[in-house]
Amino acid sequence: MALDDPHTRPPEPPGAGGPRNGWAAADVPPIAGDEVLPCGRLLSRVWEQARDAPPAADPHPVSCPYCREAVEGLATVNAAARTLRDEDPPGLHALADRVMDVVRAEVRFGRLLPLADPDRDLRIAESAAAKVLRRAADTVPGARAATCRLVHEGNGTDVRVTMTLAAALDRPLPDRVHQVRRSVLHSAGQDLGLTVTAVDITVADVLEPGPTLGPRLPTGGGA
């Protein structure tokens, strides 16, 4: 999950010296709200190429994990949106458009955060780090993480975590929140190598008592 310095542009795919069939962020002006993936490709162009061009035309999207993940996410929801349009074309076009907007937001990798490595400039995508920290919060009985955001603070490697969660009321909330904070801090340092200076937690919902402690909230933020 750790990435080297993101300011270094990845090498061009084979055949870059000849006619270029793929799209990079510098090739065309991005449309409003478009995303530049960590590999340098525009999200809209990667999706357009996946739909319209044979894989052999540009090998980069096939070998690039960022392009593959973005295309897979968009393809899944695009299929669902098409099903909705087929069922009720006049009334669901706006809904399908909103669904696609949400998916475009979800496939974003988010900011690249610095890892506390004294020898190398290593980074991790916010969405990947948030996934690990939500999982750490979920290990606390009676707690389920919803959203998780990470923000780089200052010029060093300090990171601040903001999380919302649902919690059961079978014990005092301060105790459970304290457990979640400890679990998140431990995972951030031991699993990811992040220097987390603070974990701000908001209890946004209540879990019903029972074997499953109620339904899990939808996750978001960085994923």
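From a predicted model like this one, the values you see are computed outputs, not experimental measurements. (Residues numbered from 1 in each chain as written. Predicted model: local features only at pLDDT ≥ 70, side-chain atom pairs only at ≥ 80, totals over all residues. Heavy atoms only, no water.)

Enquirer: How should the nonpolar core be read in this particular structure?
Expert: One broad rule of soluble globular proteins: the nonpolar side chains tend to lie buried together. Core analysis: the biggest nonpolar cluster contains 28 residues, and Leu133, Leu150, Met163, Val180 and Leu194 have the highest contact counts within it. Residue assignment for this core shows that the elements contributing at least two residues are helix 5 (126-138), strand 4 (143-152), strand 5 (158-168), helix 6 (173-192) and strand 6 (195-207). Filtering out sequence-adjacent residues up to four positions away, leucine 133 remains in contact with Cys148, Leu150, Val161, Met163, Val184, Ser187, Ala188 and Leu192. Counting 11 residues, the second largest nonpolar core, distinct from the first, contains Leu37, Leu43, Val46 and Cys67. (Core = buried A, V, L, I, M, F, W, Y, C linked by side-chain atoms within 4.5 Å. Buried < 20%, exposed > 50% of the residue type's maximum accessible area, 1.4 Å probe, protein only. Helix = DSSP H or I, 4+ residues; strand = E, 2+ residues; numbered from the N terminus. Contact = heavy atoms within 4.5 Å.)

Enquirer: Where do I start with the environment of tryptophan 47 in this structure?
Expert: Position of tryptophan 47 among the secondary structure elements: in helix 1 (residues 43-52). Its relative accessible area of 14% is what places tryptophan 47 among the buried residues. Along the chain, tryptophan 47 and leucine 74 lie 27 residues apart, while their C-alpha atoms are 7.6 Å from each other.

Enquirer: Is there a simple way to explain the pattern of salt bridges in this structure?
Expert: Think of it this way: side chains of opposite charge can pair up when their charged atoms draw near. Throughout the structure, instances matching the rule amount to 6 salt bridges. Across the salt bridge formed by glutamate 48 and arginine 45, the nearest N and O atoms sit 3.3 Å from each other. With a gap of 3 residues between them, glutamate 48 and arginine 45 both fall in helix 1, about one helical turn apart. Residue class for arginine 45 comes out buried when judged on its relative accessible area of 19%. A salt bridge links arginine 160 to glutamate 153; its shortest N-O distance comes to 3.9 Å. (Salt bridge = Lys/Arg side-chain N within 4 Å of Asp/Glu carboxyl O.)

Enquirer: Help me understand the sheet that holds strand 5, please; the structure alone is not making it clear to me.
Expert: Strand pairing within a sheet occurs via backbone hydrogen bonds; the two strands may be parallel or antiparallel. Spatially, 3 strands are ordered 4-5-6 in an open sheet, and the strand pairing comes out mixed. The two strands at the open ends of the sheet, each matched to only one other strand, are strand 4 and strand 6. Strand-to-strand, the axes of this sheet are offset by a mean angle of 15°, without reference to chain direction. Pairing geometry for strand 5 and strand 6, over 11 bridges, is parallel. (Pairing = 2+ DSSP bridges. Axes fitted to C-alpha atoms, helices over the stretch in contact; angles between N-to-C directions.)

Enquirer: Would you explain the state of the cysteines in this entry?
Expert: Working definition: the covalent bond between the sulfur atoms of two cysteines is a disulfide. Counted according to the given criterion, the structure contains 0 disulfides. Summary of cysteine pairing: cysteine 64 is not part of a disulfide, and the nearest cysteine sulfur, belonging to cysteine 39, is at 3.7 Å. (Disulfide = S-S within 2.5 Å.)

Fair warning: the whole summary comes from geometry, so function is off the table for now.
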